[in-house]
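Chain by chain, the residues:
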Amino acid sequence: MHAWPASEVPALPGKGRDLRIHDTATGGRVTLAPGPVARIYVCGITPYDATHMGHAATYNAFDLVQRVWLDTKRQVHYVQNVTDVDDPLLERAIRDGIDWVGLAERETALFREDMTALRMLPPQHYIGAVEAIPGIVPLVERLRDAGAAYELEGDIYFSVDADPHFGQVSNYTAELMRHLSAERGGDPERPGKKNPLDPMLWMAAREGEPSWDGASLGAGRPGWHIECVAIALDHLGMGFDVQGGGSDLIFPHHEMGASHAQALTGEFPMAKAYVHAGMVALDGEKMSKSRGNLVFVSKLRRDGVDPAAIRLALLSHRYRDDWEWTDQVLQDALERLGRWRAAVSRPDGPSADALVEELREALSDDLDTPTALAAVDRWAALQTAEGGTDDSAPGLVSRAVDALLGVAL
Ligand code: 5CA
Ligand code: ZN
């Protein structure tokens, strides 16, 4: 699939700091020191509804990871998937009486527009589940042939007991895993499974549902976790730097992905850091397509809200925190954007060299965006109150805010 156009990332004087980031698997901070090319996989959307502020917040976090790396003069190899066939997508298409392919294409197109408007850097490889099927089938065959998968009434399940590291991404209790498995696409109640948590790798063709040639697996469609493993291993290989997503992907999705990869390669973990963004809520509940309590990026854009303000609203929260979207959050962001734009539109101002270093320090410190925004606020306040004589400062602030925060002033 094609991704979306990249906005320019201005080069800043000097060099950024290495990223220290919270890793879910170890439960602590890791300092990432990638080679000249940093590798990141971010789980993409299931395209059955428009991009809401929760999605946008999660993609914003991983956009910042890349901006920190780019500022250290590294290249970034970024892969993202689109879960363009899965139960919730098929269910929505049936509910609305529309073709599932058309639904996925329409919502993916809208996602690209939203990402472009928000100046999110595009992945180099943007891969749909459907186009990944030829790569998924041989992986499932290998898992089955290695004894890490088994058949149940034509469906192929992964055996979590095949992975000695199972549980070491989420570190959740057995009880919580069981609960979340049922809630997030698993089928712990299905009789005949070796372990109730075992996830499906390949679902045999069902009446009225799309299916593909699965070679020795028979016709069917892929499970969710193997989709991301196949795409990540194909385009990044084992041991890439970051796997990212919202905290609702910790279990089962990222846990199972690490297990699939372990069983395939003998290595653990698949990613050096498992990084998870907090959940954005609306009216006290997690914003989710299934609940329908949504604020859409595209709706705000249609209402004339500047995407830079939407981005500033996202940045005003620390990525790991759960937070609530309110009109006030957006209002504050609009006001801040106005203050910053006024401050950089003067011919000179107070020196911004220290500000650039403050931004670098804040972002490298587990993406501390509230501290980063406060630093720009201080510079803007000083500019308004006293001004300054450095005629390179407003331009430098503008470029730094663009390069490091993705906000065009
Ligand atoms: N296609 C799969 C990943 S392979 C999927 O989870 N798709 S999704 O459309 O449901 O979610 C896309 C991303 O947005 C995921 O990283 C998910 O964790 C994140 N996300 C979903 N809802 C929220 C929310 N309310 N707040 C923050 N992030 C969210
Ligand atoms: Zn995924």
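Criteria and cut-off values
Residues numbered from 1 in each chain as written. Chains lettered and ligands numbered in written order. Predicted model: local features only at pLDDT ≥ 70, side-chain atom pairs only at ≥ 80, totals over all residues. Heavy atoms only, no water. Helix = DSSP H or I, 4+ residues; strand = E, 2+ residues; numbered from the N terminus. Rg over C-alpha atoms; globule rule 2.2 N^0.38 Å. Buried < 20%, exposed > 50% of the residue type's maximum accessible area, 1.4 Å probe, protein only. Contact = heavy atoms within 4.5 Å. Areas by Shrake-Rupley, 256 points an atom, 1.4 Å probe, with all protein chains shown as cover. Lys, Arg positive; Asp, Glu negative; His and termini not counted. Charge placed at Lys NZ, Arg CZ, Asp CG, Glu CD. Donors = N, O, S within 2.8 Å, 3.2 Å for Na, K, Ca; no water. Tetrahedral: all angles 85-135°; square planar, octahedral: opposite > 155°, others 65-115°. Near = heavy atom within 4 Å. Polar contact = N/O pair within 3.5 Å; in protein donor to acceptor, adjacent residues only side chain to side chain. Core = buried A, V, L, I, M, F, W, Y, C linked by side-chain atoms within 4.5 Å.

**Here we look at the overall build of the protein**
Here is step 1: Within the protein, the regular secondary structure consists of 13 helices and 14 strands.
Here is step 2: The C-alpha atoms of the protein give 22 Å as radius of gyration, which agrees with the globular expectation for 409 residues (22 Å, within 12%).
Here is step 3: Residue burial in the protein is summarised as follows: out of 409 residues, 58% are buried.
Here is step 4: A separation threshold of at least 6 residues defines the contact pool for the protein, and within that pool the share at least 24 residues apart is 79%.
Here is step 5: Of the roughly 16,100 Å² that the protein leaves accessible, carbon and sulfur atoms contribute 50%.
Here is step 6: For the protein, the distance from the average position of its 39 positive side-chain charges to the average position of its 61 negative side-chain charges is 3 Å.

**Quick notes on the coordination of the zinc ion (ligand 2)**
Here is step 1: Protein-derived ligands of the zinc ion (ligand 2) are Cys-43 (SG), Cys-228 (SG) and His-253 (NE2), with the metal-ligand distances lying across 2.0 to 2.2 Å.
Here is step 2: Classification of the site at the zinc ion (ligand 2) rests on its four donor atoms, whose angles at the metal span 102 to 119 degrees, yielding the label tetrahedral.
Here is step 3: Mapping the donors of the zinc ion (ligand 2) onto the primary sequence yields the spacing C-x184-C-x24-H. In this pair, Cys-228 sits in helix α6 (residues 224–235) while His-253 sits in helix α7 (residues 250–265), placing the two residues 25 residues apart along the sequence. By the burial criterion, Cys-228 is buried, and His-253 matches it.

**Describing the site of ligand 1**
Here is step 1: Taken together, 24 residues lie near ligand 1, and Thr-58, Thr-83, Asp-248, Met-287 and Lys-289 sit nearest.
Here is step 2: Take Gly-54: an N or O atom from its main chain is 3.1 Å from a nitrogen atom of ligand 1.
Here is step 3: Here a nitrogen atom of ligand 1 and a side-chain polar atom of Thr-83 are 2.7 Å apart.
Here is step 4: Burial of ligand 1 by the protein chains amounts to 95% of its free accessible area of 610 Å².
Here is step 5: Elements with a contribution of two residues or more to the shell around ligand 1: α1 (53–71), α6 and β10 (240–246).

**Some details on the nonpolar core**
Here is step 1: Counting residues in hydrophobic clusters, the biggest one holds 79 residues, and the most contacted among them are Ile-21, Ile-40, Met-53, Trp-69, Trp-325, Trp-379 and Leu-405.
Here is step 2: The element that contributes the greatest number of residues to this core is α1, accounting for ten residues.
Here is step 3: Apart from the residues lying within four places of it in its own chain, the contact partners of Leu-405 are Leu-64, Arg-67, Arg-311, Leu-315, Trp-340, Leu-363, Ala-372, Leu-373 and Ala-400.

**Some words on unusual backbone geometry**
Here is step 1: The omega angle of the peptide bond from Phe-251 to Pro-252 is 0 degrees, so this bond is cis rather than trans.
Here is step 2: Looking at where Pro-252 falls in the secondary structure, it is placed in helix α7.
Here is step 3: Across the junction of Phe-268 and Pro-269, the peptide omega takes the value -5 degrees, indicating a cis bond.
Here is step 4: If you trace the backbone, Pro-269 turns up in the loop between α7 and β11 (271–277).
Here is step 5: Backbone geometry at Arg-119 places phi at a positive 60 degrees, although glycine is not the residue there.
Here is step 6: Tracing the sequence through the fold places Arg-119 in the loop between α3 (100–117) and β5 (125–128).
Here is step 7: Judged by relative accessible area, which is 22%, Arg-119 ranks as partly exposed.
Here is step 8: Although it is not a glycine, Ala-215 adopts a positive phi angle of roughly 50 degrees.

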